[in-house]
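Examining the three-dimensional arrangement
This is what each chain is made of:
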Amino acid sequence: MASELEYESVLCVKPDVSVYRIPPRASNRGYRASDWKLDQPDWTGRLRITSKGKVAYIKLEDKVSGELFAQAPVEQYPGIAVETVTDSSRYFVIRIQDGTGRSAFIGIGFSDRGDAFDFNVSLQDHFKWVKQESEISKESQEMDSRPKLDLGFKEGQTIKLSIGNITTKKGGASKPKTAGTGGLSLLPPPPGGKVTVPPPSSSVAISNHVTPPPIPKSSHGGSDAALFQTRHHSHPIGSSSEKHWQDVQERREE
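An account of the accompanying structure is given in this report.

Each value, and the rule that gives it
- Residues numbered from 1 in each chain as written.
- Predicted model: local features only at pLDDT ≥ 70, side-chain atom pairs only at ≥ 80, totals over all residues.
- Heavy atoms only, no water.
- Phe/Tyr/Trp six-rings, centres within 6.5 Å; stacked < 30°, edge-to-face > 60°.
- Helix = DSSP H or I, 4+ residues; strand = E, 2+ residues; numbered from the N terminus.
- Buried < 20%, exposed > 50% of the residue type's maximum accessible area, 1.4 Å probe, protein only.
- Core = buried A, V, L, I, M, F, W, Y, C linked by side-chain atoms within 4.5 Å.
- Contact = heavy atoms within 4.5 Å.
- Pairing = 2+ DSSP bridges.
- Axes fitted to C-alpha atoms, helices over the stretch in contact; angles between N-to-C directions.
- Salt bridge = Lys/Arg side-chain N within 4 Å of Asp/Glu carboxyl O.

**Some details on the packing of aromatic side chains**
- Scanning all chains against the criterion turns up seven aromatic pairs.
- The interplanar angle of 5° and the centroid separation of 4.4 Å between the aromatic rings of W43 and F69 together place this pair among those described as stacked. Separated by 26 residues along the polypeptide, W43 in strand β2 (residues 43-52) and F69 in strand β4 (residues 68-74) bring together distant segments of the chain.
- A relative accessible area of 16% places W43 in the buried class.
- With a centroid separation of 5.6 Å and 45° between ring planes, the pair formed by F110 and F119 is classed as tilted.
- The exposure class of F110 is buried, given its relative accessible area of 1%.
- F119 sits in the buried class, given a relative accessible area of 0%.
- Chaining the aromatic ring pairs together yields one cluster made of Y20, W36 and Y91.

**Here's the deal with the nonpolar core**
- Judged by nonpolar contacts, the single largest core of 25 residues is most densely connected at L47, I58, L60, V82, I94 and F119.
- Contributions of two or more residues to this core are made by β1 (8-20), β2, β3 (55-61), β4, β6 (91-97), β7 (103-109) and α2 (113-145).
- Dropping the residues within four chain positions of it, L60 is found in contact with V17, V19, W43, R46, L47, E67, L68, F69, A70, I94 and I106.
- Of all hydrophobic cores here, the second largest spans eight residues; its members include Y20, I22, W36 and Y91.

**A closer look at the sheet that holds β3**
- Strand order in the open sheet formed by seven strands is β4-β3-β2-β1-β7-β6-β5, with antiparallel pairing between adjacent strands. Bordering the open sheet on either side are β4 and β5 (82-84), each of which pairs with just one other strand. Along the sheet, successive strands turn relative to each other by an average axial angle of 30°, direction set aside.
- The pairing of β1 with β7 spans three bridges and is antiparallel.

**Focus on the pattern of salt bridges**
- Within the structure shown, the criterion is met by eight salt bridges.
- E8 is paired through a salt bridge with K59; the nearest N and O atoms lie 2.8 Å apart. With a gap of 51 residues between them, E8 in strand β1 and K59 in strand β3 connect regions that are remote in the sequence.
- Taking the relative accessible area as the measure of exposure, E8 reaches 43% and is therefore partly exposed.
- For K59, a relative accessible area of 12% puts it in the buried group.
- R48 is paired through a salt bridge with E61; the nearest N and O atoms lie 2.8 Å apart. With R48 in strand β2 and E61 in strand β3, this residue pair connects regions lying 13 residues apart in the sequence.
- In this structure, a network of salt bridges that share partners links the residues K14, D115 and D118.

**Digging into the pairing of β6**
- Within β6, five of the seven residues are buried, leaving the element largely enclosed by the surrounding structure.
- Here three bridges tie β5 to β6, and the two strands are oriented antiparallel to one another. Bridging across to β6, V82 finds its partner in I94.
- Following β5, the chain reverses through six residues before pairing antiparallel with β6.
- For β6 and β7, the ladder comprises seven bridges, and the chain directions are antiparallel. Directly across from Q97, in β7, lies its bridge partner S103.
- Hairpin geometry of β6 and β7 is characterised by an intervening segment of five residues between the two adjacent antiparallel strands and by a positive phi of about 100° at G101.

Everything listed is a geometric property; what it means functionally is a separate question.
What follows is the structure in structure tokens.
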């Protein structure tokens, strides 16, 4: 059921690959591409690497129709399913299998060295991912096998928390300061919102000015003003106004 839910993804596509029939391995030192007929490939076509689950598949397909020519399932890399040759980095030996379980070893090669590099790296990346997934699955299984800790409260169980003394400032929260121009604080306006300036009083100026009483006319036919002038000049400068008016009164009685 799990294999049916797995989807197939494409890891690499190379449009040009050559296939060779190879002789049996002569020794344990590995395969040599120089023993093949490199100028006479037995088949040419397209190569695709796909993956389904943990298994990668090397598929040799027709360039035009896409018909499958051969397929090599790879369960481990490096491994027996894919081997490199000892004398070149552009050629590999793969093990192909049919649906009946029969297998054979064939040689493949790329004309471009970059295509051979991509082929190699695609297989390495896939099995690196497979290794990481296996480690994660193993760790999760170990976590599941461990006894689980029951940290929940039992029925009727209580806990007590001890909190230290919290220091608070007396007098409540401090009032924000209103900063004015130049760092000087501004006083708040009066409750009415306007400052009423009293009008200038005229009594101030009048209180500083002494208005003399009217001068009555003299019985001698002259004005008291002339008498005032004569009397004023006969007294020394600096006599008080009170003494002056007393003299004027005595003259009037005569």
